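# Descriptive analysis of the structure
Each chain, letter by letter, is given below.
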Amino acid sequence: MATTSRRHRKRKLKADINVVPYIDVMLVLLIIFMVTAPLLNVGVDVNLPQSDAKPLEQSKKQPVVVQVQRDGTLFLTYEGLDRPQPVDRAGLVAKVRGFVQADPQLSVYVAGDRDASYQTVYEVLTLLQRDAKVSRAGLMGAPADSAKAK
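Now for a quick tour of the structure.

Parameters at a glance
Residues numbered from 1 in each chain as written. Predicted model: local features only at pLDDT ≥ 70, side-chain atom pairs only at ≥ 80, totals over all residues. Heavy atoms only, no water. Helix = DSSP H or I, 4+ residues; strand = E, 2+ residues; numbered from the N terminus. Buried < 20%, exposed > 50% of the residue type's maximum accessible area, 1.4 Å probe, protein only. Contact = heavy atoms within 4.5 Å. Areas by Shrake-Rupley, 256 points an atom, 1.4 Å probe, with all protein chains shown as cover. Pairing = 2+ DSSP bridges. Right-handed = clockwise from strand over helix to strand, strands pointing away. Salt bridge = Lys/Arg side-chain N within 4 Å of Asp/Glu carboxyl O.

Moving on, we come to the overall build of the chain. A tally of regular secondary structure across the chain gives five helices and five strands. Walking the chain from its N terminus toward its C terminus, one meets helices and strands in the order α-α-β-β-β-α-β-α-β-α. The 150 residues of the chain split such that 23% are buried. Contacts spanning at least 24 positions in sequence make up 63% of the contacts within the chain whose residues lie at least 6 apart. Taken as a whole, the chain presents about 12200 Å² of accessible surface, with 57% of it coming from carbon and sulfur.

Our next topic: the pairing of strand 4 (residues 107-112). Taking burial as the measure, the six residues of strand 4 include five buried ones, the bulk of the element. Pairing geometry for strand 1 (residues 64-68) and strand 4, over five bridges, is parallel. When the bridges of strand 4 are listed, Val66 appears paired with Val110. Pairing of strand 4 with strand 5 (residues 136-139) involves four bridges; the strand directions are parallel. Looking at strand 5, one finds that Val108 is bridged to Ala137. Crossover connection from strand 4 via helix 4 (residues 118-130) to parallel strand 5: handedness right-handed.

Summed over all chains, the structure comprises three salt bridges. Residue Asp115 pairs with Arg70 through a salt bridge whose shortest N-O separation is 3.5 Å. In this pair, Asp115 is assigned in the loop between strand 4 and helix 4 and Arg70 in the loop between strand 1 and strand 2 (74-77), connecting sequence segments 45 residues apart. Glu123 is paired through a salt bridge with Arg89; the nearest N and O atoms lie 3.4 Å apart. Linking Glu123 in helix 4 with Arg89 in helix 3 (residues 89-102), this pair joins segments that are 34 residues apart in sequence. Residue classification places Glu123 among the partly exposed positions, given a relative accessible area of 31%.

Written as structure tokens, this is what we have:
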């Protein structure tokens, strides 16, 4: 009997856990994530309208401004007018083409209403560059400080 009780005393239970295999697995997973993270394509798919728009450079002359209202109606402002003149797309192309023929470096800005359709504003920009042959067409906006003031 003494031998059996001695055996039980020598075999004490261990209360600690061997964490070396867990550290190995964690390091392998860390390496896998470090290699695959740059390969992930993080982004949002947006269906943007397409155009051949070119970047715009500043000019010293007063630009022509095309205003796009919320409902898609167009207004034209140019030197010599005291207020915007309503115009349809064909009239816009004809008038702006005449201005550009007189001054090829004329800048034309499109000022779209905040609630106007992005597609409509982009179509007007494309119309100006493609049909009216405007080489310097761009978008017009208000500074962030003036938008907060309203």
